[in-house]
Amino acid sequence: LFPLQSQLSQALNGLSDRAKEAKEFLVQLRNMVQQIQENSVEFEACLVAQCDALIDALNRRKAQLLSRVNKEHEHKLKVVRDQISHCTVKLRQTTGLMEYCLEVIKENDPSGFLQISDALIRRVHLTEDQWGKGTLTPRMTTDFDLNLDNAPLLQSIHQLDFVQMKVSSPVPAPPILQLEECCTHNNSATLSWKQPPLSTVQVEGYILELDDGNGGQFREVYVGKETMCTVDGLHFNSTYSARVKAFNKSGVSPYSKTLVLQTSEDTQAEEQTLPFPVPLERSQLRRMSPFSSTLNLQPSFSGRSYFELRSSPHQLSLHSSLQSLNSAGEL
């Protein structure tokens, strides 16, 4: 009966972990709803501002084009009015000459007429020549020889569409486990890692995963910005596999190489530094979001994070404790 109870307890513990992950996932989805609403309002305001800027630019250009039309209008009126004034003066002079010539023709004094007739005839011909070809032709047309080429703008408006507004940075490279700094002591294990030396991608944090010591499923034991973590309370005389990955806003990196750790055989064993840790290539499991992990602890002070894995006949629970190591005397 006891082994069955223990198996049921372990199965319930695994189911409880899944339920916790589901609860955290629901919280994440609800936060996404709020974030979508806020982002929608912000994006709509940005879109309206951009369209208003285009409208303002179009209105300014419209005012400039109307100014050009008004200048053309004033120029045409000035030319026509000048021609009207010129023709009016000339017509008045011509009418006066004609009236004078008619009065001279009525004159009964032949000697007087002979004296001025030649001069009058020349003046009449000269005036007639002044009304020659082109004088009675309008100097300006009534049409406006301006054609607004709006086809490119209309095409641009029709092609106006959304493009990717933000260029996402690449995901981080897989972290490198520092084998010379990884060690075991009794039933605890200390792991250290770093980013590849040539990597320039910004990293926001790391996710450390450990299996159950029996080749079972990996579980997250640490999420944060630190590059070293000590996991305490492991089973004695057990082989654990550990791996780590990095994440930023763009996503999660691939896993590092898997490191195999062997705990001591009994509680009295001395510290065992792994002289030859065995990195193994493991097939990558389904990536989990760092924000939906079983443990999501980010220390607010410098130091190592300690996590204890306790087992009992009826339950398997994971709890965490944070300890600050601010001086060598506290070690």
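Residues numbered from 1 in each chain as written. Predicted model: local features only at pLDDT ≥ 70, side-chain atom pairs only at ≥ 80, totals over all residues. Heavy atoms only, no water.

Chemist: Just give me the short version of the overall build of the protein chain, but keep the residues and values in it.
Modeler: If you tally the helices and strands in the protein chain, you get three helices and 13 strands. Across the 331 residues in the protein chain, those meeting the buried criterion constitute 26%. By sequence separation, contacts in the protein chain at least 24 residues apart represent 65% of the contacts at least 6 residues apart. (Helix = DSSP H or I, 4+ residues; strand = E, 2+ residues; numbered from the N terminus. Buried < 20%, exposed > 50% of the residue type's maximum accessible area, 1.4 Å probe, protein only. Contact = heavy atoms within 4.5 Å.)

Chemist: Can you break down the packing of helix α1 (residues 2–105) against helix α2 (residues 110–130) residue by residue, with the values?
Modeler: Contact geometry for α1 and α2: axes closest at 11 Å, N-to-C directions at 155°. Relative to α2, α1 is oriented roughly antiparallel. Regarding α1 and α2, the two cross each other, and that crossing is left-handed. Every residue of α2 that contacts α1 at Lys 90, Thr 94, Leu 97, Tyr 100, Cys 101 and Val 104 is listed here: Phe 113, Ile 116, Leu 120, Arg 123, Val 124, Thr 127 and Gln 130. Its residues assigned to classes, the contact of α1 with α2 shows eight nonpolar, three polar and two charged. (Axes fitted to C-alpha atoms, helices over the stretch in contact; angles between N-to-C directions. Parallel < 35°, antiparallel > 145°, perpendicular 65-115°, else oblique. Left-handed = near helix turned anticlockwise from the far one by under 90°. Nonpolar A, V, L, I, M, F, W, Y, C, P; charged D, E, K, R; others polar.)

Chemist: Please provide a residue-by-residue account of the nonpolar core, values included.
Modeler: Generally speaking, soluble globular proteins have nonpolar side chains that are buried together. Counting residues in each nonpolar core, the largest one holds 19 residues, and the members touching the most others are Leu 191, Trp 193, Leu 208, Leu 210 and Val 231. Among the elements of the structure, β3 (188–194), β4 (205–210), β5 (219–224), β6 (228–232), β7 (239–248) and β9 (258–262) are those that each provide at least two residues to this core. The element best represented in this core is β7, accounting for four residues. Leaving out residues up to four positions away in the same chain, Trp 193 has contacts with Pro 175, Ile 176, Leu 177, Gln 178, Tyr 206, Leu 208, Tyr 222, Glu 226, Thr 227, Met 228, Cys 229 and Val 244. (Core = buried A, V, L, I, M, F, W, Y, C linked by side-chain atoms within 4.5 Å.)

Chemist: Explain α2 to me, using residue names and the numbers behind them.
Modeler: With 21 residues, α2 extends 30 Å between its outermost C-alpha atoms, agreeing within 8% with the 30 Å of an ideal straight helix rising 1.5 Å per residue. Ile 116 marks the point of greatest bend in α2, at about 40°. Taken as a whole, α2 has its buried residues at Ser 117, Leu 120 and Thr 127. Those residues of α2 that are buried lie in contact with α1. (Expected span 1.5 Å × (residues − 1). Bend = angle between axes of the 7 residues up to and from the residue.)

Chemist: Lay out the pairing of β3 with the relevant residues and their values.
Modeler: Successive residues of a regular strand alternate their side chains across the two faces of the sheet. With six of seven residues buried, β3 is to be regarded as a mostly interior element. With two bridges joining them, strand β1 (residues 176–177) and β3 adopt antiparallel strand pairing. Bridge assignment links Ile 176 to a residue of β3, and that residue is Lys 194. Pairing geometry for strand β2 (residues 183–185) and β3, over three bridges, is antiparallel. From the neighbouring strand, Cys 183 faces β3, where its bridge partner is Thr 190. Between β2 and β3, which pair antiparallel and follow one another directly, the connecting turn spans two residues, one of which, Asn 186, has a positive phi of 55°. Bridge count for β3 against β6 is four bridges, and the pairing is antiparallel. Among the inter-strand pairings, Thr 190 is bridged to a residue of β6, identified as Thr 230. (Pairing = 2+ DSSP bridges.)

Chemist: Lay out the packing of aromatic side chains in plain terms, naming residues and giving numbers.
Modeler: Evaluation of the coordinates by the stated rule reveals one aromatic pair. Sitting over the face of the ring of Phe 218, Arg 243 holds its NZ or CZ atom 4.0 Å from the ring centroid. (Phe/Tyr/Trp six-rings, centres within 6.5 Å; stacked < 30°, edge-to-face > 60°. Lys NZ or Arg CZ within 6 Å of the ring centre and 35° of its normal.)

Chemist: So what about unusual backbone geometry? Which residues, and what values?
Modeler: The phi dihedral of Asn 186 falls on the positive side, at around 55°, and the residue is not glycine. Assignment of secondary structure puts Asn 186 in the loop between β2 and β3. Backbone geometry places Asn 237, a non-glycine residue, at a positive phi of 50°. Residue position: Asn 237 is located in the loop between β6 and β7.

Chemist: Just give me the short version of the pattern of salt bridges, but keep the residues and values in it.
Modeler: Enumeration according to the criterion identifies five salt bridges in this entry. Arg 18 is the partner of Glu 21 in a salt bridge, and the nearest nitrogen-oxygen pair spans 2.7 Å. Of the two residues, Glu 21 and Arg 18 are both situated in helix α1; the distance of three residues between them amounts to about one turn of the helix. The class for Arg 18 is partly exposed, based on a relative accessible area of 35%. Bridged by salt links that share partners, the residues Glu 209, Arg 243 and Lys 245 form one connected network. (Salt bridge = Lys/Arg side-chain N within 4 Å of Asp/Glu carboxyl O.)

Chemist: I'd like a description of the pairing of β4, backed by residues and values.
Modeler: Where burial is concerned, most of β4 is hidden: six out of the six residues are buried. Two elements, β4 and β5, share five bridges in a ladder whose sense is antiparallel. Bridge pairing in β5 places Glu 209 opposite Glu 220.

Chemist: Provide a residue-level description of the side chain of Asn 248, including the pertinent values.
Modeler: In this structure, Asn 248 sits in strand β7. Apart from the residues lying within four places of it in its own chain, the contact partners of Asn 248 are Ser 169, Pro 170, Val 171, Pro 172, Val 201, Gln 202 and Glu 204.

Chemist: Which residues make up the environment of Val 252, and what values go with them?
Modeler: For Val 252, the location among the structural elements is in strand β8 (residues 251–252). By relative accessible area, Val 252 is classed as buried at 14%. Sequence separation between Val 252 and Pro 170 is 82 residues; the distance between their C-alpha atoms is 9.7 Å.

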